[in-house]
Amino acid sequence: MGHNNMDAAVAGYLEQFNILPATWKFLQKPQKMFIGGQWLESSSGKYAEVLEPSTGALLTRIPEGSAEDVNRAVAAAREQFDNGTWSRLKPLEREGLLNKLADLIEENKQELAQIESIDMGKSVSDALDVDIQGTIDTFRYFAGWASKIGGRTCEPSLPGEYLAYTRKEAVGVVGSIIPWNFPLQTMAWKLGAALAVGCTVVVKPSELTSLSSLRFAELVQQAGIPDGVVNIVTGCGNVVGVAISGHPDIDKITFTGSTPVGLKVGRAALADMKHVTLELGGKSPVLVFDDVDIPKAAAAVAQGIFFNSGQVCDAGSRAYIHSTIYDEFLTELETYTRGLKMASGLNPDCFISPMVSKKQQQSVLNYIEIGKAEGAKLVFGGGAPDGPGYFVEPTVFGNCRNDMRIVQEEIFGPVLTTAPFDTDEEAIALANDSIYGLAAAIYSNDLNRVHKLIPKLKVGSVYVNAHSTIDPAMPFGGYKQSGIGKDLGSEQLEYFLETKAVWITLS
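Residues numbered from 1 in each chain as written. Predicted model: local features only at pLDDT ≥ 70, side-chain atom pairs only at ≥ 80, totals over all residues. Heavy atoms only, no water.

### Considering the side chain of Ser344
As a reminder of what qualifies: Only runs of H or I of at least four residues qualify as helices and only runs of E of at least two qualify as strands under DSSP, and these elements are numbered from the N terminus. N or O atoms closer than or at 3.5 Å make up a polar contact, with two conditions inside protein: a donor-capable atom paired with an acceptor-capable one, and, for residues adjacent in sequence, both atoms drawn from side chains. Contacts were defined at the residue level, with two residues in contact if any of their heavy atoms lie within 4.5 Å.
As for its position among the elements, Ser344 is in the loop between α12 (326–338) and α13 (358–374). Side-chain polar atoms of Ser344 contact the side chain of Tyr13, separated by 3.3 Å. Ser344 has contacts with Tyr13, Phe17, Ser54, Cys350, Pro354 and Phe391, leaving out every residue within four places of it along the chain.

This is the structure we're talking about:
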């Protein structure tokens, strides 16, 4: 059996669209892992099938990595960090190489957007404007930090004379475990700060969406970044992810994914006191007050849950709407949602794209049935269209209670729960009634109210009159079971640095 053997249904689907020759060439070649600057097959010799979400047919195959492959990748990263050039480069040299990498991503952004869309199923225009542009911006932002890391001096109060100062030193080898919903962009979130300060990395992309990370590795080589700095091991979480999480030669783990898996990763990492950043699940509340422009706010709320078909960790998945506008708001929400185009990701009119996999589609459909059984009112959607692909209709539930599973559990699909509230205090109580605390949104034109509400929301990000406004200069990460630590912003740098105190006795 060959390494690829793209199914005819996928080839026929792709031929309908303006696929770049470079994209075709990449998709049709045998895929290999990237370890120590070399392209390698898995030590097991096994390959896993990758299915294309709009057709459900075979797209390609990727190597099924093993614990031995993780050992090889960690050894390469360790050797580069301990004895290589990367962590010893002048900061401006590292900055220059990261900017060169960003330039190469920009030069190949159309191809990368197509790869991301085909592999994950998402809208190709969203992939270009959000995923790929976000990746470029993240590397450029952290490239600038490479030359701005420094410690501080101190005047001690002890008797005698001392020179006392701190040093900031790269933590070492980083294990990065990446989710499937924003594969390249989330990898940039994990790698930007790590590479800027001089760390080396071993990356495990999701087995569902590994292709953009493998294309990225080619650009890493092209940029002249030394061998062993970036290593990519493809394969399943219960093999590759487990091996990375507990590997004794990895100094830090950074993980994005579900809370249950994050708990396992965190426990494994803490067994030998690794540094850990966990960006986990969310069930983000949306508070809509009675002073909003209802059509405008309804459109924004719909986009906040249905973007990327709800496969977003901070999606605004539970809306609490002031009782005086509740019925009118639901009507506007339904009207707007009916106008959203459901199509394959390569269709330029696509807004609702397929789920990433059959398993994810079935999980979302199961939750919709649970919602009906719990007594929630199905306002719109709730099914899957006939035909190929892993599609789920955008779905809105009304009159939900906070004790319902569809309100408390992360569905990770295009499903919005709604309920009315009467007072600001009730809205806050409903919003905070969750194990999660990743993000929240407030829709109101009363800034006095907004500023009073923001401190009361137990979340890591608050969006006002919009949702998921993300920038590499601003930190991202949650409260409660939504995780530990931050991605992005200057705050992220500390999670990849050790602080060393130095005392020099002068007398």
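### What to know about the sheet that holds strand β16 (residues 415–421)
As a reminder, the rule being used: A pair of strands is labelled paired if DSSP reports no fewer than 2 bridges between them. Orientation is described by axes fitted as lines to C-alpha atoms, over the contacting stretch for helices, and by angles from 0 to 180 degrees between their N-to-C directions.
Pairing within the open sheet is mixed, and its 7 strands lie in the order β14-β15-β16-β13-β12-β18-β19. A single partner strand is all that each edge strand has here, and the edge strands are β14 (377–380) and β19 (461–464). Averaged over all neighbouring strand pairs, the angle between strand axes comes to 25°, with direction disregarded. Against the sheet, α13 engages β14, β15 (395–398) and β16, with an angle of about 20° to β15. Strand contacts of helix α15 (residues 424–432): β12 (285–288), β13 (318–322) and β16, with the helix running at about 150° to β16, the strand carrying the most contacts.

### Quick notes on the sheet that holds strand β22 (residues 497–505)
In space, the 3 strands of this open sheet follow the order β5-β6-β22, with antiparallel pairing throughout. The strands lining the two open edges of the sheet, one partner per strand, are β5 (153–154) and β22. By the bridge criterion, 9 bridges tie strand β6 (residues 162–170) to β22 in an arrangement that is antiparallel. Across the sheet, residue Lys168 finds its bridge partner in β22, namely Thr499.

### Considerations on the packing of aromatic side chains
In plain terms, the rule: Planes of paired rings set the category: under 30 degrees apart is stacked, over 60 is edge-to-face and the rest tilted, where pairs are Phe, Tyr or Trp rings (Trp by its six-membered ring) whose centres lie within 6.5 Å. Any residue under 20% of the maximum accessible area for its type is buried, any over 50% is exposed, and the rest in between are partly exposed; the area is computed with a 1.4 Å probe on protein chains only. Only when the NZ of Lys or the CZ of Arg is both within 6 Å of the ring centre and within 35 degrees of the ring normal is a charge said to sit over the ring.
Tallied over the entire structure, the rule returns 9 aromatic pairs. A centroid spacing of 5.7 Å and a plane angle of 15° characterise the contact between Phe139 and Phe216, whose relative ring orientation is stacked. Linking Phe139 in helix α6 (residues 124–145) with Phe216 in helix α8 (residues 211–223), this pair joins segments that are 77 residues apart in sequence. Judged by its relative accessible area of 1%, Phe216 falls in the buried class. On the basis of an interplanar angle of 65° and a centroid distance of 5.3 Å, the ring pair of Trp189 and Phe476 is categorised as edge-to-face. Linking Trp189 in helix α7 (residues 183–197) with Phe476 in the loop between β19 and β20 (479–480), this pair joins segments that are 287 residues apart in sequence. For Trp189, a relative accessible area of 9% translates into the label buried. The ring of Phe496 has Lys252 sitting right over it, with the charged end atom 5.1 Å from the ring centre.

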